[in-house]
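# Observations on chain architecture
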Amino acid sequence: MARVAVVGAGAIGGVVASLLQSAGRHELVLCMRRPLKELVVETPAIGLRSDMQHEIRPEMRIEATILTQPEEAQPVDWVVVATKAYDAAGAALWLEWLCGGGAPVAVLQNGVEHRERFASYVAPERIVPVIVDCPAERRPADDAGVERIIQRGTMSLKVPEGTHSRGFVELFSGTAADAATVPDWTTVAWRKLCHNAAGVLPALLLQPAGVLRGEAVGDVALDLVRECVAVGRAMGATLSDAVPEEVLAAYRRSAPDSVNSLHADRLAGRPMEIDARNGVIVRMGKKHGIPTPANSMAVALLQAMTAR
Ligand SMILES: NC(=O)c1ccc[n+]([C@@H]2O[C@H](COP(=O)([O-])OP(=O)(O)OC[C@H]3O[C@@H](n4cnc5c(N)ncnc54)[C@H](OP(=O)(O)O)[C@@H]3O)[C@@H](O)[C@H]2O)c1
């Protein structure tokens, strides 16, 4: 049994809460920045993994202590941060209270700088960076105040090898999550960043994923990903020359009306994870003397368009 605090119960935090609840042995605390009446996680179309024996319920009401003020929090055994990368400073306010007993902090965010983002708040060896894959979205509260999260695929959680990482994976044992340590986390993280790098185009063009089916936009996507591959290699990732074409093919196979989170944030007038997704390619490229003109332009244009 572990007492687990989830900081940021949005799409990913909500799915994590439902998985931990399904384990049947953890005590959950949801750390929110606004009150929550009820949270329900729906898993409408997820098949059972053949190697798993448990049942996936199509709808789960989350049973948890809900806190909205960091100073109300008590030390826990584990903290799972699932805010957007741009909300890291706000999420960190909880850590002083939740980590009083030395709890490790799992960071479930996009990008490759999970440790760096929290290094000034938590000792680096207590941070578990997690690459999360899981199509999930949150819906606004209904008239009864019930918030819903729709999980459309299995949640994959990949962590580097290490003591705390094994503890993190253990939290999910017996659940429907595909949680595992990986020997080369850097490659997993940069491979995912390659996919996310191209996702800036729908956000720039305010058109869903289908816009990458066009030849010219597809060519720009290839440039964005080629730069990410070059910088990722300089950072120690093993990425083949085929990655850009693979990424583009994946976008072209995806539902043409799907909206990625950068695009969704822009539509909603929220901040965007542009620095965590494309800015990092530019910054790390500069550090290693690798030109990144496509990503630099994408970052500059998106920032200029949303600064108005
Ligand atoms: N959704 C996906 O399918 C998906 C897939 C893979 C990776 N990711 C990555 O996972 C991370 C989380 O994404 P998400 O889609 O779950 O985002 P989300 O749905 O926007 O949820 C983020 C949650 O964090 C909360 N939050 C922000 N600041 C907070 C604070 N100071 N204290 C407590 N809660 C706070 C937000 O509160 P409010 O409700 O008040 O805004 C929101 O509930 C991102 O890095 C994203 O890129 C997402």
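Fair warning: this is a prediction, and the values are worked out from it, not measured in the lab.

About the thresholds
Residues numbered from 1 in each chain as written. Predicted model: local features only at pLDDT ≥ 70, side-chain atom pairs only at ≥ 80, totals over all residues. Heavy atoms only, no water. Helix = DSSP H or I, 4+ residues; strand = E, 2+ residues; numbered from the N terminus. Rg over C-alpha atoms; globule rule 2.2 N^0.38 Å. Buried < 20%, exposed > 50% of the residue type's maximum accessible area, 1.4 Å probe, protein only. Contact = heavy atoms within 4.5 Å. Areas by Shrake-Rupley, 256 points an atom, 1.4 Å probe, with all protein chains shown as cover. Lys, Arg positive; Asp, Glu negative; His and termini not counted. Charge placed at Lys NZ, Arg CZ, Asp CG, Glu CD. Pairing = 2+ DSSP bridges. Axes fitted to C-alpha atoms, helices over the stretch in contact; angles between N-to-C directions. Parallel < 35°, antiparallel > 145°, perpendicular 65-115°, else oblique. Phe/Tyr/Trp six-rings, centres within 6.5 Å; stacked < 30°, edge-to-face > 60°. Core = buried A, V, L, I, M, F, W, Y, C linked by side-chain atoms within 4.5 Å. Domains from an automatic or database assignment. Buried area = accessible area lost by both parts, 1.4 Å probe. Salt bridge = Lys/Arg side-chain N within 4 Å of Asp/Glu carboxyl O. Near = heavy atom within 4 Å. Polar contact = N/O pair within 3.5 Å; in protein donor to acceptor, adjacent residues only side chain to side chain. Nonpolar A, V, L, I, M, F, W, Y, C, P; charged D, E, K, R; others polar. Left-handed = near helix turned anticlockwise from the far one by under 90°.

### Description of the overall build of the chain
Assigned secondary structure in the chain consists of 12 helices and 12 strands. Taken over C-alpha atoms, the radius of gyration comes to 19 Å for the chain, in line with the 19 Å a tight globule of 308 residues would show. Each principal axis of the C-alpha distribution contributes one length, and for the chain these read about 50 × 45 × 40 Å. Looking at the 308 residues of the chain, the share that counts as buried comes to 51%. Of the contacts made within the chain by residues no fewer than 6 positions apart, 67% connect residues no fewer than 24 positions apart. Total accessible area computed for the chain in this model is approximately 13900 Å², and 53% of it derives from carbon and sulfur atoms. Averaging the locations of the 32 positively and 35 negatively charged side chains of the chain gives two centres separated by 2 Å.

### Considerations on the sheet that holds strand S10 (residues 146-151)
Strand order in the open sheet formed by four strands is S4-S3-S10-S9, and the pairing between neighbours is mixed. Strands at the two margins of the open sheet, each flanked by one partner only, are strand S4 (59-61) and strand S9 (136-139). Direction aside, the axes of adjacent strands within the sheet are offset by 20 degrees on average.

### Here's the deal with the pairing of strand S8 (residues 127-133)
With six of seven residues buried, S8 is to be regarded as a mostly interior element. As paired strands, strand S7 (residues 105-108) and S8 are joined by four bridges and run parallel to one another. Paired with Val-107 across the bridge in S8 is Pro-129. The pairing of S8 with strand S11 (residues 156-160) spans three bridges and is classified as antiparallel. Its bridge partner being in S11, Ile-131 is matched across the sheet by Lys-158.

### Digging into the packing of helix H8 (residues 215-234) against helix H12 (residues 293-307)
Where H8 meets H12, the axes come as close as 8 Å, and the angle between the chain directions of the two elements is 115 degrees. In this view, H8 runs roughly perpendicular relative to H12, as classed from their interaxial angle. Counting all contacts with H8, which are made through Asp-223, Leu-224 and Glu-227, the residues of H12 involved are Pro-293, Ala-294, Asn-295 and Ala-298.

### What to know about the packing of aromatic side chains
Taken as a whole, this structure holds three aromatic pairs when the rule is applied. Counting every residue linked through ring pairs, the aromatic cluster contains Trp-78, Phe-168 and Phe-172.

### A short note on the nonpolar core
A general trend in soluble globular proteins is that nonpolar side chains are found buried together. Core analysis: the biggest nonpolar cluster contains 40 residues, and Trp-190, Cys-194, Val-200, Leu-212, Ile-281 and Leu-302 have the highest contact counts within it. By size, the runner-up hydrophobic cluster in this structure holds 37 residues, among which are Leu-30, Ala-82, Leu-108 and Val-128.

### A few points about the domain arrangement of the chain
Under the domain assignment, the chain is made up of domain 1 (3-183) and domain 2 (187-307). Taking the mean C-alpha position of each, domain 1 and domain 2 sit 25 Å from one another. Counting from both sides, the interface comprises 13 residues of domain 1 and, opposite them, 17 residues of domain 2. Summed over both sides, the interface of domain 1 with domain 2 buries roughly 1300 Å², with 59% coming from carbon and sulfur. Broken down residue by residue, the surface that domain 1 buries against domain 2 is led by Tyr-86, Asn-110 and Val-112, which jointly contribute 45%. Viewed at the interface, domain 2 and domain 1 are joined by three salt bridges.

### Some details on the sheet that holds S11
As summarised here, the arrangement of the eight strands in space is S5-S2-S1-S6-S7-S8-S11-S12, forming an open sheet in which the pairing is mixed. The sheet terminates laterally at strand S5 (65-67) and strand S12 (178-182), the two strands that pair on one side only. Adjacent strand axes in the sheet meet at a mean angle of 25 degrees, parallel and antiparallel pairs treated alike. Where strand S1 (residues 3-7) meets strand S2 (residues 27-31), five bridges bridge the pair, whose relative direction is parallel. By the bridge assignment for S2, Ala-5 is matched with Val-29.

### Digging into the site of the ligand
Not every one of the 26 residues close to the ligand is listed here, only the nearest: Arg-34, Asn-110, Cys-134, Arg-138 and Glu-273. At 2.8 Å from an oxygen atom of the ligand is found a main-chain nitrogen or oxygen belonging to Ile-12. Expressed as a share of its isolated accessible area of 900 Å², the protein-covered part of the ligand is 90%. Elements that contribute at least two residues to the shell around the ligand include exactly helix H1 (11-23), helix H2 (88-92) and S9. Across the shell around the ligand, the residue classes tally to 13 nonpolar, six polar and seven charged.

### Focus: the packing of helix H6 (residues 185-198) against helix H11 (residues 274-287)
One way to put it is that H6 packs onto H11 with a least axis distance of 9 Å and a crossing angle of 110 degrees. Our classification of the angle between H6 and H11 gives roughly perpendicular. The chirality of how H6 crosses H11 is left-handed. Taken together, the residues of H11 that come into contact with H6 (itself represented by Trp-190, Leu-193, Asn-196 and Ala-197) are Ala-276, Arg-277, Asn-278, Val-280, Ile-281 and Met-284. The class makeup of the residues in the contact of H6 with H11 is seven nonpolar, two polar and one charged.

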